[in-house]
Amino acid sequence: FGEAARIILEQLFGQACHLNNVGWNKESWAPCTTAPGSTASTGGALFIDLPANVVGCFIMGLFISGDEYVGTPVDLPVAFLKRSSKFQHWTLLHAGIRTAFCGSLTTFASWNTQMIVMMCNGRGTVLDTQWVSAIFGYLVGLGMALIAFVVGRHTAICLHRYNNPDLRKEADEIADKRGLGLIIHRDLPDFERRFLHDIVLDENSRKHIVNDGKNGIDIESIDSADRKKKRQDDSEIEKRNDTWNENDLEDSGMGNLRRWKNTTDDHRNGRMIGGQFQSELLEIERAILVKDEEPRDELLDLARDAGWDLAALRNWRQDAKEKPDDESRLVPVFPLWVISSALLIFMSLLLWASISFNGEDVYTQTYRISALSTLLAPTGTICRYYLSAFNGSIKSRRWEWVPLGTLLANLIACVVSALAVALNVGNRRGQLAHLWLSAMKGGFAGCLSTVSTFATEVIGLARTLPRHSWAYYYSIGSILLACLLGIIAYVWAVV
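Cut-off values and rules
Residues numbered from 1 in each chain as written. Predicted model: local features only at pLDDT ≥ 70, side-chain atom pairs only at ≥ 80, totals over all residues. Heavy atoms only, no water. Helix = DSSP H or I, 4+ residues; strand = E, 2+ residues; numbered from the N terminus. Buried < 20%, exposed > 50% of the residue type's maximum accessible area, 1.4 Å probe, protein only. Contact = heavy atoms within 4.5 Å. Areas by Shrake-Rupley, 256 points an atom, 1.4 Å probe, with all protein chains shown as cover. Polar contact = N/O pair within 3.5 Å; in protein donor to acceptor, adjacent residues only side chain to side chain. Patch = residues over 30% accessible without salt bridge, like charges linked within 9 Å, V, L, I, M, F, W, Y side chains within 5 Å. Salt bridge = Lys/Arg side-chain N within 4 Å of Asp/Glu carboxyl O. Axes fitted to C-alpha atoms, helices over the stretch in contact; angles between N-to-C directions. Left-handed = near helix turned anticlockwise from the far one by under 90°. Nonpolar A, V, L, I, M, F, W, Y, C, P; charged D, E, K, R; others polar. Phe/Tyr/Trp six-rings, centres within 6.5 Å; stacked < 30°, edge-to-face > 60°.

J.: Just to check I follow, could you spell out the overall build of the chain for this structure?
T.: Scanning the chain for helices and strands turns up 19 helices and two strands. Per-residue burial over the chain gives 48% buried out of 495 residues. Taking all contacts inside the chain whose residues are at least 6 apart in sequence as the whole, residues at least 24 apart take part in 66%. Surface summary for the chain: the accessible area is close to 24,500 Å², and the carbon and sulfur share equals 60%.

See the structure below:
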């Protein structure tokens, strides 16, 4: 589907507008924004695949997962959706959209190949060498891809805050607390995380009911007017929690969690000298409340010396495990048979189109090449998926940051694409060879390479600035290597 969408965008924004070039239906409307670089038209810096790359990178940014870097207080598979959305559980479809659809919609190889054709002294083009336009084409392509991804990510963050008002309020409170140097344990379940860190979601009401869907417990929160005051001793703790009744807390099991909170607050909020043991405290809570296992012996000794009531935390965890789950939390199963059936029908139609469209006019050839390209697209996508296993495989500390799998996929695709275009120059090998070489270039090589993943990795590496300039090394190095290998393959095949 990504390859089919890319073909539509190619035709819509440019290819249909140029004579002697594979084009769309002659009666169709097209905005004529891009140029193929091989005709008498100038403007090849706005290359044919630029709109597809921009759209794909935007969708990639839109489908980011919610994590600490994005600013969500809890991890979410898809940040922009409601937390309760059933789509959050369809992780296989998320991977399909990011890896298969966006990876196939964007193409590094076709972008690089057009720049190579423009630079190689008029071989395969009507105009002479257009090396200046090609350089600007690289700059425009890289810049637009990164901007589109960032805009997509910002859109996802805005939608997340709109769709999840409670998480938005919690994220704002967490940001305020971190500004004071406090560490928030975001791995904890909602109820424990908000209770232990004094996070109040309702600023306007004195008492806010916090509902823990997992444990089925309703409690009254701390007085919101006093929540920013630091507790200095146990009497102040009682004052801030005056809405609670001690007996009710004990009866509901809340007393255990409250005792754990009271004995750890000084360390949690950094009121001890240096705020020591905060990381150890988080590790203990992660072990007992999240992993349901005993902390290591060193942590147990530290907790005993610090006066933390580990028995209360264990009792709270045990009570929570014994409570019945009132709400059904069955994870919906995505109907894969629907996707499989639709895909089979789609591929059958493509096979029929590639065989039945046998006319000689340029418009019929457009449809046939499009069908063949889409048929070859899954092979490129699958190869890219397996090559991605090499990401993070470099053991050298100097080069371990390099996404080797994505780099290899893009470079191999650039060589294949350049060879296919070069062998197709002049259409000297017959019509059938022309069709298959065009399909190899757009379908296999186009989907083997990716700009969306490339942009995601560059933005991720940019987080290490100013300490490391890995984002620049990777982005510029990928373009230079692709250009060099593409020129060698193209010139060798043409000559």
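J.: I tried to follow the environment of E294 on my own but got confused; where do I start?
T.: With respect to the element layout, E294 can be found in the loop between α11 (278-290) and α12 (297-306). In this structure E294 comes out as partly exposed when scored by relative accessible area, which is 46%. Distance in space between the C-alpha atoms of E294 and I284 is 8.2 Å, their sequence separation being 10 residues. If we ignore the near neighbours within four places in the chain, the residues touching E294 are L300 and R314. A polar side-chain atom of E294 sits 2.8 Å from a polar atom in the side chain of R314.

J.: Is there a simple way to think about a nonpolar patch on the surface in this case?
T.: The grouping of W131, V132, I135, F136 and L139 at the surface amounts to a nonpolar patch, some 530 Å² of accessible area in total. Inspection of the secondary structure assignment puts I135 in helix α5 (residues 131-163). Classification of I135 as partly exposed rests on a relative accessible area of 41%.

J.: Looking at this structure, I do not really get the packing of helix α10 (residues 254-268) against α11. What am I missing?
T.: To characterise two packed helices, one gives the angle between the axes of the helices and the distance between these axes. Two elements in contact, α10 and α11, have axes separated by 9 Å at closest approach and are oriented at 145 degrees. Remark: the crossing between α10 and α11 carries left-handed chirality. Judged by residue contacts, W260, T264, H267 and R268 of α10 engage Q278, L281, I284 and E285 from α11. Here the residues of the contact of α10 with α11 are counted per class, giving three nonpolar, three polar and two charged.

J.: I keep staring at the packing of aromatic side chains and nothing clicks. Help me out?
T.: Centre-to-centre distance and the angle between the planes together describe a pair of aromatic rings. As enumerated under the stated definition, the model contains 13 aromatic pairs in all. For the pair F87 and W90, a centre-to-centre distance of 5.7 Å together with 75 degrees between the ring planes defines the contact as edge-to-face. Judged by its relative accessible area of 18%, F87 is buried. Considering the side-chain rings of W401 and W470, the 5.5 Å spacing of their centres and the 5 degrees angle between planes classify their relative orientation as stacked. Residue W401 is located in the loop between α15 (362-387) and α16 (404-423), and its partner W470 is located in helix α19 (residues 470-494); the two are separated by 69 residues in the primary sequence.

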